[in-house]
Amino acid sequence: MERYIAFLRGVNISGKNRVPMAELKQGFEKLHYAEVRTCLNSGNVIFSSDETDTYRLTGRIEEMMKSRFHLDIPVFVISKEDLEDILRHAPGWWGDENREIYDNLIFIMPPAAFKDVYREIGEPKGGLEKIQEYRGTVFWSFSRKDYQKTNWWPRTASADISSKLTIRTANTVRKIAGIE
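From a predicted model like this one, the values you see are computed outputs, not experimental measurements. (Residues numbered from 1 in each chain as written. Predicted model: local features only at pLDDT ≥ 70, side-chain atom pairs only at ≥ 80, totals over all residues. Heavy atoms only, no water.)

(A) Representation of the side chain of S79 within the structure. Tracing the backbone shows S79 in strand β4 (residues 75–79). Judged by relative accessible area, which is 5%, S79 ranks as buried. A polar atom in the side chain of S79 sits 3.0 Å from the backbone nitrogen of D82. Not counting chain neighbours up to four residues away, the residues in contact with S79 comprise E2, R3, Y4 and I5. (Helix = DSSP H or I, 4+ residues; strand = E, 2+ residues; numbered from the N terminus. Buried < 20%, exposed > 50% of the residue type's maximum accessible area, 1.4 Å probe, protein only. Polar contact = N/O pair within 3.5 Å; in protein donor to acceptor, adjacent residues only side chain to side chain. Contact = heavy atoms within 4.5 Å.)

(B) Representation of the confidence of the model for the chain. Considering every residue of the chain, the mean pLDDT works out to 92; 99% of them sit at 70 or more. Averaged over each element, pLDDT in the chain is lowest for helix α6 (residues 159–162) (76) and highest for helix α3 (residues 80–88) (97). (pLDDT = per-residue confidence, 0-100.)

(C) How the structure looks around the nonpolar core. Residues A6, L8, L24, F28, F47, I61 and M65 are the most contacted members of the largest nonpolar core, which totals 22 residues. Sorting the residues of this core by element identifies β1 (2–8), α1 (21–30), β3 (44–49), α2 (54–69) and β4 as the ones contributing at least two each. Ignoring sequence-local partners within four residues, the contact set of L8 consists of L24, F28, S42, G43, V45, M65, I73, P74, V75 and R168. (Core = buried A, V, L, I, M, F, W, Y, C linked by side-chain atoms within 4.5 Å.)

(D) Spatial organisation of the packing of α3 against helix α7 (residues 170–177). Relative orientation of the contacting elements α3 and α7 amounts to 135°, with a least axis distance of 10 Å. Taken together, the axis directions place α3 and α7 in an arrangement best described as oblique. Our pair here, α3 against α7, has a crossing hand that is left-handed. Mapping the contact onto sequence places K80, L83, E84 and L87 in α3 and V173, R174, I176 and A177 in α7. (Axes fitted to C-alpha atoms, helices over the stretch in contact; angles between N-to-C directions. Parallel < 35°, antiparallel > 145°, perpendicular 65-115°, else oblique. Left-handed = near helix turned anticlockwise from the far one by under 90°.)

(E) Region of interest: the packing of aromatic side chains. This structure, assessed with the given rule, holds 14 aromatic pairs. Look at Y147 and W153: their rings are 4.9 Å apart centre to centre, the planes differ by 70°, and that puts the pair in the edge-to-face class. Three or more aromatic residues joined by ring pairs form one cluster here, namely Y102, W140, F142, Y147, W152 and W153. (Phe/Tyr/Trp six-rings, centres within 6.5 Å; stacked < 30°, edge-to-face > 60°.)

Laid out in structure tokens, this is it:
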């Protein structure tokens, strides 16, 4: 069995798309996934499956979310092994302990690709933010005090691009990757 992580976009954010984590776990178990664990309260689920096709896993989870919770939300599924590889390739400037910098990992939801995202969002604003693409993700860091001046901050939330992305902080991603 392979270990996977499902990132459910927009769950329990600002009082919207409320999903109790215990019920979410039960939903995954009814799909016959094993060793299901949730992490935090924002739609992060770690599970095991014999299925090797992440597109099929994604589709099954999205259907379960529609039928069980009446939510039509994007889901991003990645193997734990792939997530660990991505974190091993993090640039040195990402995810350090600098409290003045906010570090995120952007997951690009297929069929979108980095070139599509970059075309819509554009260059990061020099001196305020940095990006680096790796295997369908983007390491993104920006100044906490000047985030409103960045190019990527307002544009990642725009309606056109937001459905193609799900974003997690460096600390959240590392915590999830460390869960067995």
